[in-house]
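Tertiary structure, described
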Amino acid sequence: MLAAVILAAGLSSRMGGRPKGLLRFDDRDTFVTRIVRTFNEAGVGDVVVVTGHQAAAVESVVQESGFRARCVRNASFEQGQFSSLLAGLAAVAQPGVEGALVSLVDAPLFSAATVRALLAHFARTQAPVVRPVRGAEHGHPVLLARALFETIRRADPSAGAKPVVRAHASPEGDLTVDDPGAFADIDTPEDYARLPELVRRCRRESSTPDVVD
């Protein structure tokens with residue numbers, strides 16, 4: 001069994017303080033509900049949204065969506081993204097959970113097909129880190145095996161989880177996908193202004209098979 005963690009607690013300073021989880025993705029979804037929808041469509045059973053900045057507003061949007069997800073509030077969110085990752089991993093570390101897909105709320109464009117491909121690749125390889133790649137780029141979401149949870153908990157907070165992920169990433173765990181949305185971040189108002197074109201491009205370029213390796 002695999003879970004998913006959506007990190008939606010940040011201060012969104014590059015977006016002018018407006019929580020990215022509350023930004024409209026389209027006429028159906030905000031960023032956070034788009035990602036929850038994607039995980040639900042891919043069949044992920046336990047989806048946890050980690051909240052912090054304007055937590056009540058983000059939690060309300062998730063609850064009102066009707067999707068299968070639960071919210072966990074990170075009281076230490078001002079300490080940074082790593083604290084939210086720890087809160088999310090603690091929430092999903094239930095008996096039988098083999099790993100967790102981790103997504104940033106500012107990366108809402110990856111497809112359910114990409115998630116299903118990552119899950120299948122993990123089932124085949126049991127690699128400690130499974131991530132979508134495109135050439136030298138790696139994208140979203142990243143699947144972390146349960147065996148890494150404790151290593152991440154013990155990591156230096158000033159460095160976060162990146163050194164752990166880099167140390168355990170491997171050619172075996174990297175999965176080439178034909179999904180431009182897996183490599184798109186919406187970090188700034190300028191990025192957000194380009195979202196409609198990004199969505200159109202992702203739909204156009206994802207018309208070919210998702211997994212190409």
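Quick look at the structure, then. (Residues numbered from 1 in each chain as written. Predicted model: local features only at pLDDT ≥ 70, side-chain atom pairs only at ≥ 80, totals over all residues. Heavy atoms only, no water.)

**Concerning the pairing of strand β4 (residues 99–104)**
With respect to burial, β4 is a largely interior element, five of its six residues being buried. As paired strands, strand β1 (residues 2–8) and β4 are joined by six bridges and run parallel to one another. Paired with Ala4 across the two strands is Leu101, which belongs to β4. Pairing of β4 with strand β7 (residues 142–145), which is carried by four bridges, proceeds in the antiparallel orientation. Pairing of Ala100 across the sheet is with Leu144, part of β7. (Buried < 20%, exposed > 50% of the residue type's maximum accessible area, 1.4 Å probe, protein only. Helix = DSSP H or I, 4+ residues; strand = E, 2+ residues; numbered from the N terminus. Pairing = 2+ DSSP bridges.)

**Some details on the side chain of His121**
Note on placement: His121 falls in helix α4 (residues 112–125). Assessed through its relative accessible area of 7%, His121 is described here as buried. Not counting the four nearest positions on each side in its chain, His121 is found in contact with Gln126, Val130, Glu172, Gly173, Asp174 and Leu175. (Contact = heavy atoms within 4.5 Å.)

**Observations concerning unusual backbone geometry**
Trans peptide bonds make up the majority, and among non-glycine residues the majority have a negative phi. The residue after His140, namely Pro141, is reached through a cis peptide bond having omega -10 degrees. At Gln54, a residue that is not glycine, the phi angle is positive and equals roughly 50 degrees. Here Gln126, not a glycine, exhibits a phi torsion of approximately 55 degrees, which is positive. Tracing the backbone shows Gln126 in the loop between α4 and β5 (129–134). The partly exposed category is assigned to Gln126, whose relative accessible area is 44%.

**Quick notes on helix α1 (residues 31–41)**
For α1, the tally of buried residues reaches 10 of 11 residues, placing the bulk of the element in the interior. Among the residues of α1, Phe31, Val32, Thr33, Arg34, Ile35, Val36, Arg37, Thr38, Phe39 and Asn40 are the ones counted as buried.

**Some details on the packing of aromatic side chains**
Going through the model one piece at a time under the given rule, you end up with three aromatic pairs. Look at Phe31 and Tyr192: their rings are 5.8 Å apart centre to centre, the planes differ by 75 degrees, and that puts the pair in the edge-to-face class. You can see Phe31 sitting in helix α1 and its partner Tyr192 sitting in helix α7 (residues 189–193), a full 161 residues away along the chain. Arranged with centres 5.6 Å apart and planes meeting at 50 degrees, the rings of Phe39 and Phe110 form a pair that is tilted. Residue Phe39 is found in helix α1, and its partner Phe110 is found in the loop between β4 and α4; the two are separated by 71 residues along the sequence. Side by side, Phe39 and Phe110 carry an identical accessibility label, which is buried. An aromatic cluster of three or more residues is present, and its members are Phe25, Phe31 and Tyr192. (Phe/Tyr/Trp six-rings, centres within 6.5 Å; stacked < 30°, edge-to-face > 60°.)

**So, the pattern of salt bridges**
Tallied over the entire structure, the rule returns 11 salt bridges. The residue Lys20 makes a salt bridge to Asp106 at a minimum N-O spacing of 3.2 Å. Placement of Lys20 in the loop between β1 and α1 and of Asp106 in the loop between β4 and α4 is noted, with a sequence separation of 86 residues between them. In this structure, Lys20 and Asp106 share a single accessibility class: buried. Through salt bridges with shared partners, a single network forms among Lys20, Asp106 and Asp187. (Salt bridge = Lys/Arg side-chain N within 4 Å of Asp/Glu carboxyl O.)

**Let's talk about helix α8 (residues 195–205)**
Every buried residue of α8 is accounted for by Leu195, Leu198, Val199 and Cys202. On an axial view of α8, the arc spanned by its buried residues comes to 100 degrees, and they lie on one face. In this structure, the buried residues of α8 make contact with α1 and α7. (Arc of directions from axis to C-beta.)

**Describing the nonpolar core**
If you look at the biggest cluster of nonpolar residues, it comprises 42 residues, and the most contacted ones within it are Ile6, Phe39, Val44, Leu101, Leu109 and Val115. When contributions to this core are tallied by element, the ones reaching two or more residues are β1, α1, β2 (46–51), α2 (55–65), α4, β7 and α8. Broken down by element, the residue count for this core peaks at six residues, all from α4. In contact with Val44, other than residues within four places in its own chain, are Leu2, Ala3, Ala4, Phe39, Arg68, Leu101, Val115 and Leu119. Judged by nonpolar contacts, the second largest core, of 27 residues, contains Val48, Leu89, Ala91 and Ile152. (Core = buried A, V, L, I, M, F, W, Y, C linked by side-chain atoms within 4.5 Å.)

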